[in-house]
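Read off the chains here:
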Amino acid sequence: MLTVALAALRTRWTTLIGTFVALALGVGLIATMGLGLASTFDAPDREPQRFAASRVVVMGNDTLTVPVRRGVSTAQVTKRLAHPHPVDRELLSDLRALGPLTLAGRQTTRGGGPDAVGVDAPVTDVRRVVGDRAQILTGDDRRRADPATEQDAEALLTVNALLGTAAGITAFVSVFVVASTFAFAVALRRREFGLLRTAGATPGQLRRLLLTEAAVVGTLASAAGCVLGRWGAPHLARLLVDGGAAPSWFTIHPVAWPLHAAFWTGPAVALAGVWAASRRAGRTGPAEALREADVDTGVLPPVRRLLGFALLVGAAFLMTKSLVTDASGLLKRKTYTTQPMVLITAAALLAPLLVRPSTRLLRLPGAVGMLVQANTAAGLRRTAAVAAPVLITVALAGSVLGSAMTVSQAKAAEAREHTRADLVVTGEDLRGSKDLEARPVPGATLSASASTAVFVREEGTALIGSQARAVDDAKALAAVERLPVVAGDLRDLDDRSIVVNEEWERHTVGSTVRVWLGDGRPVSLRIAAVLAIGTGNNGAYVTAANAPTAPVDRIDVRLAPGADRVAVTAALRDTGGTVRSTDQWLAATHPRTSPQTRLGLIVVLGIALVYTALSLANTLLMAGSVRSAELNALRLAGATRPQVLGVVAGETLFAVGLGTVLGLAVTAVNLAGLGAALATLSAPVTVAVQWPVVGGAAGSCAVVAVAAAMAPKAVRHG
């Protein structure tokens, strides 16, 4: 069977070249993404910078460790504090007795001391003096005192998420395209399989023939793909750095495991893609050798039909479950990027069911129109094979990009709805409203707040960190903000209470919740008010007394009727911050999409579009190469060459149109689910369909498809 398979590959290489290229590209992309992911696991080994000359570094505690349940045992969970502890004055005095101190960069905190200090003394003496009052860093651990260390970790996390999403999309699209291509290739070889059956080949031998071909093509494509991945990974790193998604030092590490994983992905994808087609080929009877008609029958076998409807029900179940149990999960990038794949697969599996009803609905004029309808209805496999990759591209462009823009616009609209402020002052460390009481601003209500965090242990099994704002005056907050309060009153917030949202496990007004503040202090606070969940920006609120080290970074200002806006603006400049109108502040802080998100979406959609172009070209080139008899019959029946070309182009455009309609239907369902999630969360529903991108994707597919359909000699000289 291996000899027959190799002979078939030599004689039919033109029909498998598209599959080879698609697999090689898929393996290359997976290898590239894998090498990039491997390079994000560890930041570069930098030398300590701030305290390079110090033998020992003493740094304030910057983490919170809380015990949680893990089954029958207990585990320690650690979170980074929003406000790390300083090295206090008492400890500084004790350290000075050991030797000279280094206060590099004057990195101080509001707690009255530096965040870290270098000590030129033996480490044993430092440990004896410090005890558990602070952290002691030596050797390479001294890097933890450098601000760049935390920035590196955050940057690597961003790159990791981007590459992980792109790798997942690549794997999905490659399996989809390869399976569709193999299925169509098998359909074109029905007569060949019929001849083999007539010569005595068993169904098992036919299945092994196709699986052997797939294994050989997959292995060769994997080897080429790994070479492509090794070449492309450094270019990807430069693209991420130039696009601002990765830090300037990001490079590719020479790691072997991504190449191994990518290499074995090729044969696995090829075998998975050909498995269903091989089973169908095994059922080919000897009579197929005598078949001349090209009318497709039995295109949607029971297993495919059952799987398609099962995935359709599964997609509906996943969306319904998310809406009922965790609507906020639908707003997360990982969810709205991956969940449409289930619905896309279902639509592609069931696409042949829609071909003939669509041809009956679409009435095309003239003889060319009649032939387009008849040929499309007869060539179900060809139509479905063309529509499937178009469906992927349009659905991903509409669903992924549309979801990202919908969430971004909803966040911006929510921020606009929640503020009554006329002016907003921002800066790293502003003078708060209490500091301005000595010199009040006439005609203005000021609400100063600081960014902080609170931590809560939910169900005893998880430590959850929530973003929070620390406010000076709850009544001023209620005057300048229009927060979505569903229970309680914002004005009841005091030093012994907290405002939470409905996402918290305990969110009943008047009940007490035990939390850890941004500096790690445990406190029990009464719930004064509860907010709707919204898009995720409705965090907790505490008073400034519960975040004493948090610097004021925002002052919301509401002008009284008749107030002098120019005079108020001039007075606010004394805070040391930037004074902007609310519209200007919203435009600066709530952009539609960040550069990192935009780059990630471009990568994902670029992958889908490239694969679609390959699949369309391969499918239509294969289809055109076997249509000589059909097209010659048209010419003998009196059709002119332009009419023949019109029939071929019309069939192609009909298939592309069907894929576009299915892609738009998938997009509509996904965006409708996202809109329902926003409504459930009491957030503004601003569904955004990116028509230029969707239209551009569909138009590109049409151009590639028509060009590929016209390329075969049988078409050009028909």
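This text follows the structure it describes.
Read on for an overview of the structure. Remember, predicted model here, so these are calculated numbers, not experimental data.

Some points on a nonpolar patch on the surface
Then comes step 1: Together, Phe-309, Leu-312, Leu-353 and Leu-354 make up an exposed nonpolar region whose accessible area comes to about 310 Å².
Then comes step 2: Sorting the residues of the nonpolar patch by element identifies α9 (302-325) and α12 (352-361) as the ones contributing at least two each.
Then comes step 3: The residue Leu-353 is located in helix α12 in this model.
Then comes step 4: Judged by its relative accessible area of 33%, Leu-353 falls in the partly exposed class.

Considering the nonpolar core
Then comes step 1: Membership of the largest hydrophobic core comes to 65 residues, with the highest contact counts inside it found for Leu-240, Ile-344 and Leu-396.
Then comes step 2: Counting only elements with at least two residues in this core, the list comes to α2 (13-40), α5 (147-188), α7 (203-242), α11 (340-350), α14 (380-417), α18 (595-625) and α20 (641-680).
Then comes step 3: Sorting elements by how many residues they give to this core places α14 first, with 13 residues.
Then comes step 4: With residues up to four places along the chain from it excluded, the contact list for Leu-396 reads Ile-169, Val-173, Ile-344, Leu-401, Leu-605 and Ala-608.

Some remarks on the pattern of salt bridges
Then comes step 1: Inspection of every chain in the model, using the stated rule, returns 13 salt bridges.
Then comes step 2: Between Arg-50 and Asp-115 there is a salt bridge, with its nearest N and O atoms 3.2 Å apart. Here the residue Arg-50 occupies a position in the loop between α2 and β1 (56-59), and Asp-115 occupies one in the loop between β4 (101-102) and β5 (116-119), the gap between them amounting to 65 residues.
Then comes step 3: Note on Arg-50: relative accessible area 15%, which makes it buried.
Then comes step 4: For Arg-80, the salt bridge goes to Asp-62, with nearest N and O atoms at 2.7 Å. Separated by 18 residues along the polypeptide, Arg-80 in strand β3 (residues 73-80) and Asp-62 in the loop between β1 and β2 (63-70) bring together distant segments of the chain.

As for the packing of aromatic side chains
For any pair of aromatic rings, geometry is given as the distance between the ring centres together with the angle between the planes.
Then comes step 1: Scanning all chains against the criterion turns up two aromatic pairs.
Then comes step 2: Taking 5.1 Å as the distance between ring centres and 90° as the angle between the ring planes, the aromatic pair formed by Phe-263 and Trp-264 counts as edge-to-face.
Then comes step 3: For Phe-263, a relative accessible area of 22% gives the class partly exposed.
Then comes step 4: Overall, the relative accessible area of 58% leaves Trp-264 in the exposed class.
Then comes step 5: The lysine or arginine in question, Arg-514, covers the ring of Trp-516, its NZ or CZ lying 5.9 Å from the ring centre.

A word on the pairing of β2
Then comes step 1: Looking at chain direction, β2 and β3 are connected through eight bridges and run antiparallel. Of the residues in β3, the one forming a bridge with Thr-65 is Thr-78.
Then comes step 2: If you look at the hairpin formed by β2 and β3, you'll find two residues sitting between the two strands, and Gly-71 has a positive phi there, around 70°.

A few points about the packing of helix α13 (residues 366-378) against α14
Then comes step 1: It is at 5 Å that the axes of α13 and α14 come closest, and there the two elements cross at 90°. In terms of orientation, α13 and α14 fall into the roughly perpendicular class. Note on element contacts: α14 touches α13 through Leu-380, Arg-382 and Thr-383, opposite Asn-375, Thr-376, Ala-377 and Ala-378.

Rules behind the numbers
- Residues numbered from 1 in each chain as written.
- Predicted model: local features only at pLDDT ≥ 70, side-chain atom pairs only at ≥ 80, totals over all residues.
- Heavy atoms only, no water.
- Patch = residues over 30% accessible without salt bridge, like charges linked within 9 Å, V, L, I, M, F, W, Y side chains within 5 Å.
- Areas by Shrake-Rupley, 256 points an atom, 1.4 Å probe, with all protein chains shown as cover.
- Salt bridge = Lys/Arg side-chain N within 4 Å of Asp/Glu carboxyl O.
- Helix = DSSP H or I, 4+ residues; strand = E, 2+ residues; numbered from the N terminus.
- Buried < 20%, exposed > 50% of the residue type's maximum accessible area, 1.4 Å probe, protein only.
- Core = buried A, V, L, I, M, F, W, Y, C linked by side-chain atoms within 4.5 Å.
- Contact = heavy atoms within 4.5 Å.
- Phe/Tyr/Trp six-rings, centres within 6.5 Å; stacked < 30°, edge-to-face > 60°.
- Lys NZ or Arg CZ within 6 Å of the ring centre and 35° of its normal.
- Pairing = 2+ DSSP bridges.
- Axes fitted to C-alpha atoms, helices over the stretch in contact; angles between N-to-C directions.
- Parallel < 35°, antiparallel > 145°, perpendicular 65-115°, else oblique.

Structural measurements only, silent on function.
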